[in-house]
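# Observations on the three-dimensional arrangement
Residue strings, one per chain:
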Amino acid sequence: MKKELPEAEQLYHRALGLLNVYDQNNVWDKTRLLQARVYIYDTLANLALSRGEIDKAEKLYKETLRGSLQQGMSQDHDAVVEISLKLAIIFAAQKRNVEADEGYKFCIKTQEAKIKDMKEVDENSAALLGMALDAYARFLMMQNRNDEAQANLEKSLGIARRVFGESHVQIAVLLNDIATINSLKKEFDLARKHLEEAIRVAEGLDSPDLPTFYFNLGAVCERQGHFSDAGHAYRQALDKAKKYDDKIVVKKAKDALNAVNYRK
């Protein structure tokens, strides 16, 4: 896959060169040329982001955003908000925290206002709002703004339930994330409740996230001093990790079991 990406990038750069020839020879009109350029810039940006080339991705997403607005897209169009969200994520990775914070807030406020005015909520717009809330929550956790992060995760969970229903992997992931914040705030009963709910959802989906969820439940039980429950959760984490070939959780679960058995 890594070898394919540079080849794909070369093809798209050749396509940009071809568009310049079309422009010089009036083969295509300006509107069609702009649409094609925006598509290519967006694809190149996604390729750069997938390789971790965030500086290059930032420049390309900005070109995509500029072209999208030139096409007449409104600032609250889902495509514009999605690009803005990607830029906010890039700013966060670059430690440009003020710009990242402003970017996340723009995406969330824009989607909330748009959805509020809809007679029937568009699922794609709602899902995009959920993505923005989730991404912002992760950013806030990195800033140790845990109360704000939890509020955003709970909003995202509500949207996910509305869009996907109760049985979806994103529901389980969000419940696990909320439990992580509960643990950071020493709200261990709530953390355990959310993790048990995440596991119920994930078990129904046979999710490969189950080893992590069980391990996290074991850690919470251990913090509560419930060593027997912790041992059971760690054994479940070990069994699931072997099933899904999750070598990291296999090692962590073995170490945790040894520690719990020693403390019993």
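The structure presented is a predicted model; accordingly, all values stated were derived computationally and were not measured. (Residues numbered from 1 in each chain as written. Predicted model: local features only at pLDDT ≥ 70, side-chain atom pairs only at ≥ 80, totals over all residues. Heavy atoms only, no water.)

## Quick word on helix 7 (residues 146-164)
When the terminal C-alpha atoms of helix 7 are compared, their 26 Å separation across 19 residues agrees well with the 27 Å that a helix rising 1.5 Å per residue should span. Two residues or fewer past helix 7, glycine 165 is found with a positive phi of approximately 85 degrees. (Helix = DSSP H or I, 4+ residues; strand = E, 2+ residues; numbered from the N terminus. Expected span 1.5 Å × (residues − 1).)

## Some words on the nonpolar core
If you look at the biggest cluster of nonpolar residues, it comprises 73 residues, and the most contacted ones within it are Tyr61, Leu85, Tyr104, Phe139, Phe213, Phe215 and Tyr234. No other element matches the 10 residues that helix 6 (residues 123-142) contributes to this core. Filtering out sequence-adjacent residues up to four positions away, leucine 85 remains in contact with Tyr104, Cys107, Leu128, Met131, Ala132 and Ala135. (Core = buried A, V, L, I, M, F, W, Y, C linked by side-chain atoms within 4.5 Å. Buried < 20%, exposed > 50% of the residue type's maximum accessible area, 1.4 Å probe, protein only. Contact = heavy atoms within 4.5 Å.)

## Comments concerning the pattern of salt bridges
The final tally for this structure, using the stated rule, is 24 salt bridges. Between arginine 145 and glutamate 148 there is a salt bridge, with the nearest N and O atoms lying 3.0 Å from each other. When its relative accessible area of 26% is taken as the criterion, arginine 145 is described as partly exposed. Under the relative-accessibility criterion, glutamate 148 is labelled partly exposed at 36%. Within this structure, Glu58, Lys62, Arg96 and Glu99 form a network of salt bridges that share partners. (Salt bridge = Lys/Arg side-chain N within 4 Å of Asp/Glu carboxyl O.)

## Quick look at the packing of helix 10 (residues 210-224) against helix 11 (residues 227-243)
One can describe the packing of helix 10 onto helix 11 by two numbers: an axis separation of 8 Å at closest approach and a directional angle of 165 degrees. Put simply, helix 10 runs roughly antiparallel to helix 11. Considering the relative orientation of helix 10 and helix 11, their crossing is left-handed. Contact residues: helix 10 offers Leu210, Pro211, Tyr214, Phe215, Leu217, Gly218, Ala219, Cys221 and Glu222, while helix 11 offers Phe227, Asp229, Ala230, Ala233, Tyr234, Gln236, Ala237, Lys240 and Ala241. Grouping the constituent residues of the contact of helix 10 with helix 11 by class yields 13 nonpolar, two polar and three charged. (Axes fitted to C-alpha atoms, helices over the stretch in contact; angles between N-to-C directions. Parallel < 35°, antiparallel > 145°, perpendicular 65-115°, else oblique. Left-handed = near helix turned anticlockwise from the far one by under 90°. Nonpolar A, V, L, I, M, F, W, Y, C, P; charged D, E, K, R; others polar.)

## Side note on the packing of helix 4 (residues 78-93) against helix 6
At their nearest, the axes of helix 4 and helix 6 sit 11 Å apart, and the two run at 10 degrees to each other. Between helix 4 and helix 6, the crossing angle belongs to the class labelled roughly parallel. Here helix 4 contributes Asp78, Val81, Glu82, Leu85, Ile89 and Ala92 to the contact with helix 6, which in turn contributes Asn124, Ser125, Leu128, Met131, Ala132, Ala135 and Phe139.

## Considerations on the confidence of the model for the protein
Mean pLDDT over the protein stands at 88; residues scoring 70 or higher make up 88%. Across the protein, the element-wise mean pLDDT spans from 62 in helix 1 (residues 4-24) up to 97 in helix 9 (residues 188-205). (pLDDT = per-residue confidence, 0-100.)

## Details of the packing of aromatic side chains
According to the stated counting rule, one finds four aromatic pairs in the structure shown. Here tyrosine 104 and tyrosine 136 contribute two aromatic rings whose centre-to-centre distance is 5.4 Å and whose plane-to-plane angle is 35 degrees, an arrangement assigned as tilted. Note that tyrosine 104 is positioned in helix 5 (residues 97-116) and tyrosine 136 in helix 6, a separation of 32 residues in sequence. Across the pair, tyrosine 136 and tyrosine 104 agree in class, each one buried. When the centroid spacing of 6.2 Å and the interplanar angle of 15 degrees are considered together, the rings of tyrosine 136 and phenylalanine 139 count as stacked. Placement of the pair is tyrosine 136 and phenylalanine 139 together in helix 6, with a separation of three residues, close to one helical turn. For the pair tyrosine 136 and phenylalanine 139, one class covers both residues: buried. In this structure an aromatic cluster arises from ring pairing among Tyr104, Tyr136 and Phe139. The ring centre of phenylalanine 215 lies 4.6 Å from the NZ or CZ of lysine 252, which sits over that ring. (Phe/Tyr/Trp six-rings, centres within 6.5 Å; stacked < 30°, edge-to-face > 60°. Lys NZ or Arg CZ within 6 Å of the ring centre and 35° of its normal.)

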